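Chain and residue survey
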Amino acid sequence: QVDRYLYHMRLSDDVLLDVMARFQAEMVKGLGRDTNPTATVKMLPSFVRSLPDGSEKGDFLAVDLGGSQFRAHQVKVFDDGKQSSQLESKFYPTPKEVTQGNGAELFDYVADCLLDFMETKNLKHKKLPLGFTFSFPCKQTKLEEGVLLAWTKHFKVRGVQDTDVVSALRKALQKHKASFDIDIDVLALVNDTVGTMMTCGYDDQRCEVGLIIGTGTNACYMEEMRHIDLVEGDEGRMCINTEWGAFGDDGALDDLRTEFDRELDLGSLNPGKQLFEKMISSLYLGELVRLILLKMTKEGLLFNGKVSTALLTKGKIEMKHVSAMEKYKEGLSNTKEILTELNLFPSEEDCIAVQHVCTIVSFRSANLCAATLAAILTRLKENKKLLRMRTTVGIDGGLYKTHPQYAKRLHKVVRRLVPTCDVRFLLSVSGSGKGAAMVTAVAYRLAAQRKQIDAALAPFLLSLETLREVKNKMRTELEYGLKRETQASATVKMLPTYVCGTPDGTEKGKFLALDLGGTNFRVLLVKIRSGRRRSVQMYNKIFAIPLEIMQGTGEELFDHIVQCIADFLEYMGIKGARLPLGFTFSFPCRQASIDKGTLVGWTKGFKATDCEGEDVVDMLREAIRRRNEFDLDIVAVVNDTVGTMMTCRYEDPNCEIGLIAGTGSNVCYMEDMKNIEIVEGNEGKMCINTEWGGFGDNGCIDNIRTQYDKEVDEGSLNPGKQRYEKMTSGMYLGEIVRQILIDLTKQGLLFRGQISESLRKRGIFETKFLSQIESDRLALLQVRRILQQLGLDSTCEDSIIVKEVCGAVSKRAAQLCGAGLAAIVEKKRENRGVEHLQITVGVDGTLYKLHPHFSRVLRETVKELAPQCDVTFMLSEDGSGKGAALITAVAKRLHNVGQK
């Protein structure tokens, strides 16, 4: 009979799966920027980004407003490796004149209770951080503020809605500050669901959902930042307070609401609001039972149709009665007793029927709650891209705790709805108190960590002033390198390249190019066509240079190079032809003419003996002679920056600067002959290879070098040399990052303070990892994977910090590079004597091409530091191959003209 009567309250699994899908859609709406304003499920960001990690410690206060009583707590957290904490609490009543009076009175009352608590616990004269648990929907823009959106449950206080409750509490505390000598710092505003999750999270690191089923109902969970449109940033996770009590306020659940739900809503403090909560929470279930019994009695189905005054009185049946009636053994006798107190005279059948009504009402509550919780669990599992997930849900609330069957029913239904989630339900002990203290403790720990991380990265933040200084110093060093009397001692060598002519489009023929400058060596055949159909065709082969040859003898190195050339000529079938050859040799060389180059010193990991101070062209000719298989006409020895400039100049005659930002860092540019004192003649221009990597080797930029730069330098193959290059080039950036990570780990800020074996290895952090980690498209999960490949087991927080470190190092590199380049374009502008300069820079190098932000920061810095120059950046297509061939072709053309 009762079953038929309450048929609508019995929900099948299909209906529950449907509710689950509806709630998933509501969550998406609440998270979206455009859909949030009209969403009923508000999905409020809590600004709680981290769960406890066990290193929290200290003394904290917490106050808790929103349940049936007001509570004050003192929480001590011990950093003893056992994750222990101690909680002392005191309960205060919340009389109606406070819960339905005005705002000032409410917060004065909270402050008075807190003072009383501090007096009994002897806590005055101490500065204590406080967490404020406030169990009503608030809009937060940071952890320590919250604007009340609406009162719910049994609260209706005037003048508080749309104001910040934290500043109201601070104001109330301020009044007492002088007279009572207290110093309280309100650090965090926490919803009780979040507090519940945090308390459980302290005991179980897997906990990422908080659930309240008591006077009210609500849930929170850890959402991926990239899905939260309302908060800036994509890194990491943040706890979202769903405020699911309002689910259905837009009519989404009307098909499931019964006449009793509608009647209850009309008689409530907030009609039309919190409709889902009114089907679930303990504040309303007793009233639902009363309304059902009243109607059944009026229809003559109970108590012989006799209605008592008590049954007509709102609020006469409470949750505690419902729980008592549903008890397993004494339920029936409880039912009889309760009904008799209400002046109803129940028969045995009446008692069984009433008990059944209670079961249906409370079971529906558990079912609905299970459906929305299942939606959250499914979302977590999808966020993590897992097929099966283990997780923990922290739960609190009187209904869940005191009702005899509720918890069992809820667990069972959740497991049925999401069979692929292994859920542990963890009962929270004083979640709203200890939890608020936990949030405060985590905030406290993160603030302290933030300070330490900021301190470590501060030296990498360069002000505009500092960058201007770098630009001016670079300018000074450029001038030193060009002057006869200072050239010998200059750190920026300003080497003349004897490349004076540039392509005019008439170049043609077949040319060989060699490219030596890194771990690979290339041989190329380049065919240049002139005229209307001018084009450049290239064929090349790449050969590796083994470490033992890079660091063996010079003779072995050049024999290896000639062996590679022989292979290539054979491969192309051109062994007999004596082709003109351009040799790209990307190391500092002193040239006396275009086909003579004396190696100044090895860089980039090369260490072959008996080469420094020798002419590399002679060494190559001798190796060819030793092999005695073929002959070549070596026309030009070329630096890769010059090749880069030439390739771009072939396309754009305005290109007069070449920049390499890759493994190494260097620049060349066309300088007026009259400024180059070490070369005879004042007419025309010559390309100068600056070799700017040595900038700062005289200590002129020591003020911006960090301890990490010094460690990298000391551990390198050439300590004290190429200091600017070591701050700006791909070969070293990863190593700087590694040094910072080691330091932060030693301070206990990363990887749980454990320095792994792999982090101790030099060179493990390649620059390509920097490019990957800093890519905007990468979710943190992928950053964690990269770190795992490197043998670093990182948490979400670790990954954020690593990404930040990479960003600081590469941004500084790009800015320093930009400051150097600004000095060069300014010099070009002054050479030409113009107000405004338009110029193109040819660029090559993996750092510039592959790093997600380097090129942008570089361009912005040049624009900022050289505002009168309009600089276009052009990517070079194979400067060291095609460029060398073009230089060779131009040199041949000029040579032929000279002979005529």
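This text follows the structure it describes.
The notes below deal with the structure included here. From a predicted model like this one, the values you see are computed outputs, not experimental measurements.

1. Digging into the overall build of the protein
A tally of regular secondary structure across the protein gives 31 helices and 26 strands. Compactness check: the protein gives a C-alpha radius of gyration of 38 Å against a globular reference of 29 Å for 900 residues, more than 25% above the reference. Principal-axis analysis of the C-alpha atoms gives the protein an extent of 130 × 65 × 50 Å. Put simply, the protein has 900 residues, and 59% of those count as buried. A sequence separation of at least 24 residues applies to 71% of the contacts in the protein between residues at least 6 apart. When the accessible surface of the protein is totalled, it reaches about 36800 Å², and 50% of it is carbon and sulfur. Side chains of the protein carry 120 positive and 120 negative charges; the gap between the two charge centres is 2 Å.

2. Thoughts on unusual backbone geometry
Positive phi outside glycine occurs at D162, with the angle close to 70°. Mapped onto the fold, D162 is located in the loop between β7 (147-148) and α5 (165-180). Backbone geometry places M494, a non-glycine residue, at a positive phi of 50°. Looking at the secondary structure, you find M494 in the loop between α18 (484-487) and β14 (495-496).

3. Overview of the pattern of salt bridges
Per the counting criterion, the structure on display carries 62 salt bridges. Beyond isolated ion pairs, a larger network of salt bridges with shared partners links R475, E479, K483, E671, K827 and E830.

4. Focus on the sheet that holds strand β4 (residues 85-93)
Taken together, the 5 strands give an open sheet; going across it, the order is β4-β3-β2-β5-β8, and neighbouring strands pair in mixed fashion. Each edge of the open sheet is held by one strand with a lone partner, namely β4 and β8 (183-190). On average, each strand axis in the sheet is inclined to that of its neighbour by 25°, with strand direction left out of account. In this sheet, β8 lies alongside strand β5 (residues 127-134) in parallel orientation, the contact comprising 7 bridges. Counterpart to L128 in the pairing with β8 is I184. Together, β2 (58-65), β3 (69-77), β4, β5 and β8 form the strand contacts of helix α4 (residues 103-120), whose direction differs from that of β4 by roughly 130°. On top of the sheet, helix α6 (residues 192-203) reaches β3, β4, β5 and β8; it is set at about 95° to β8, its chief contact.

5. Some remarks on the sheet that holds strand β15 (residues 509-516)
Strand pairing in a sheet is mediated by backbone hydrogen bonds. Such pairs are either parallel or antiparallel. Strand order in the open sheet made by the 5 strands is β17-β16-β15-β18-β21, with mixed pairing throughout. Because the sheet does not close on itself, it has two edges, and the strands there are β17 (535-544) and β21 (633-638). Direction aside, the axes of adjacent strands within the sheet are offset by 20° on average. The pairing of β15 with strand β18 (residues 580-585) spans 5 bridges and is parallel. Looking at the pairing, A513 lines up with G582 of β18. On the sheet, helix α20 (residues 554-572) packs against β15, β16 (520-529), β17 and β18 and is oriented at approximately 130° with respect to β17. Relative to β21, helix α21 (residues 616-627) is tilted by about 145°, and along the sheet it contacts β15, β18 and β21.

6. Focus: a negative patch on the surface
Where like charges cluster on the molecular surface, the negative patch consists of E555, E556, D610, E614 and E622. Structurally, the position occupied by E622 is in helix α21. What makes E622 partly exposed here is its relative accessible area of 42%.

7. Looking at the packing of helix α17 (residues 464-482) against helix α28 (residues 796-832)
Two numbers describe how α17 lies on α28: the axes approach to 8 Å, and their chain directions differ by 55°. Relative to α28, α17 is oriented oblique. Judged by the sense of rotation from one axis to the other, the crossing of α17 with α28 is right-handed. Residue-level inspection shows L467, V470, K471, M474, R475, L478, E479 and L482 of α17 in contact with α28, the latter providing Q815, L816, A819, G820, A822, A823, I824, E826, K827 and E830. Residue classes in the contact of α17 with α28 are distributed as 10 nonpolar, 2 polar and 6 charged.

8. Examining helix α23 (residues 707-714)
The set of residues buried in α23 consists of Y708, D709, V712 and D713. Viewed end-on, α23 has its buried residues packed into an arc of 140°, placing them on one side of the element.

9. Focus: the packing of aromatic side chains
A full pass over the atoms with the stated rule returns 25 aromatic pairs. When the centroid spacing of 6.5 Å and the interplanar angle of 40° are considered together, the rings of F568 and Y571 count as tilted. Of this pair, F568 and Y571 both sit in helix α20, 3 residues apart, which is roughly one turn of the helix. Members of the aromatic cluster, each reached through a chain of ring pairs, are F132, F134, F136, W151 and F155. In this structure, K153 packs its charged tip against the face of F136, placed 4.9 Å from the ring centre.

10. Structural notes on the nonpolar core
The nonpolar side chains of soluble globular proteins are, as a tendency, buried together. Judged by nonpolar contacts, the single largest core of 113 residues is most densely connected at L211, L377 and L410. For this core, the element with the highest residue contribution is helix α13 (residues 348-383), accounting for 18 residues. Setting aside anything within four residues of it in sequence, one finds L410 in contact with L211, I213, A366, C369, A370, I395, Y400 and F425.

11. Digging into the pairing of strand β19 (residues 589-593)
As paired strands, β19 and strand β20 (residues 596-599) are joined by 4 bridges and run antiparallel to one another. Looking at β20, one finds that C589 is bridged to L599. Hairpin connection between β19 and β20: a loop of 2 residues separates the two successive antiparallel strands.

12. Here's the deal with the side chain of D844
Among the secondary structure elements, D844 is positioned in strand β25 (residues 837-844). If we ignore the near neighbours within four places in the chain, the residues touching D844 are T644, L659, I660, A661, K849, S876 and G879.

13. A few points about helix α22 (residues 640-651)
A rise of 1.5 Å per residue sets the reference length of α22, with its 12 residues, at 16 Å; its end C-alpha atoms lie 17 Å apart and thus fit the reference within 8%. Burial of α22 is extensive: 11 of the 12 residues sit out of reach of the surface. Within α22, the full set of buried residues consists of D640, T641, V642, G643, T644, M645, M646, T647, C648, R649 and Y650.

14. Quick notes on the pairing of β25
In terms of residue burial, β25 counts as a mostly covered element, since 7 of its 8 residues are buried. Strand direction decides the pairing type here: strand β22 (residues 655-661) and β25, joined by 5 bridges, are parallel. In the sheet register, C655 faces β25, and the bridge partner there is T840. In the sheet, β25 pairs with strand β26 (residues 869-875) via 7 bridges, with the strands oriented parallel. Counterpart to V843 in the pairing with β26 is L875.

15. Re the side chain of R257
Among the structural elements, R257 can be located in the loop between β11 (237-241) and α7 (259-266). Of the residues examined, R257 reaches a relative accessible area of 11% and is grouped as buried. For R257, the residues in contact, after removing those within four places along its chain, are R262, D265, L275 and M279.

Thresholds applied
- Residues numbered from 1 in each chain as written.
- Predicted model: local features only at pLDDT ≥ 70, side-chain atom pairs only at ≥ 80, totals over all residues.
- Heavy atoms only, no water.
- Helix = DSSP H or I, 4+ residues; strand = E, 2+ residues; numbered from the N terminus.
- Rg over C-alpha atoms; globule rule 2.2 N^0.38 Å.
- Buried < 20%, exposed > 50% of the residue type's maximum accessible area, 1.4 Å probe, protein only.
- Contact = heavy atoms within 4.5 Å.
- Areas by Shrake-Rupley, 256 points an atom, 1.4 Å probe, with all protein chains shown as cover.
- Lys, Arg positive; Asp, Glu negative; His and termini not counted.
- Charge placed at Lys NZ, Arg CZ, Asp CG, Glu CD.
- Salt bridge = Lys/Arg side-chain N within 4 Å of Asp/Glu carboxyl O.
- Pairing = 2+ DSSP bridges.
- Axes fitted to C-alpha atoms, helices over the stretch in contact; angles between N-to-C directions.
- Patch = residues over 30% accessible without salt bridge, like charges linked within 9 Å, V, L, I, M, F, W, Y side chains within 5 Å.
- Parallel < 35°, antiparallel > 145°, perpendicular 65-115°, else oblique.
- Left-handed = near helix turned anticlockwise from the far one by under 90°.
- Nonpolar A, V, L, I, M, F, W, Y, C, P; charged D, E, K, R; others polar.
- Arc of directions from axis to C-beta.
- Phe/Tyr/Trp six-rings, centres within 6.5 Å; stacked < 30°, edge-to-face > 60°.
- Lys NZ or Arg CZ within 6 Å of the ring centre and 35° of its normal.
- Core = buried A, V, L, I, M, F, W, Y, C linked by side-chain atoms within 4.5 Å.
- Expected span 1.5 Å × (residues − 1).

Interpretation in functional terms is not warranted from these geometric data alone.
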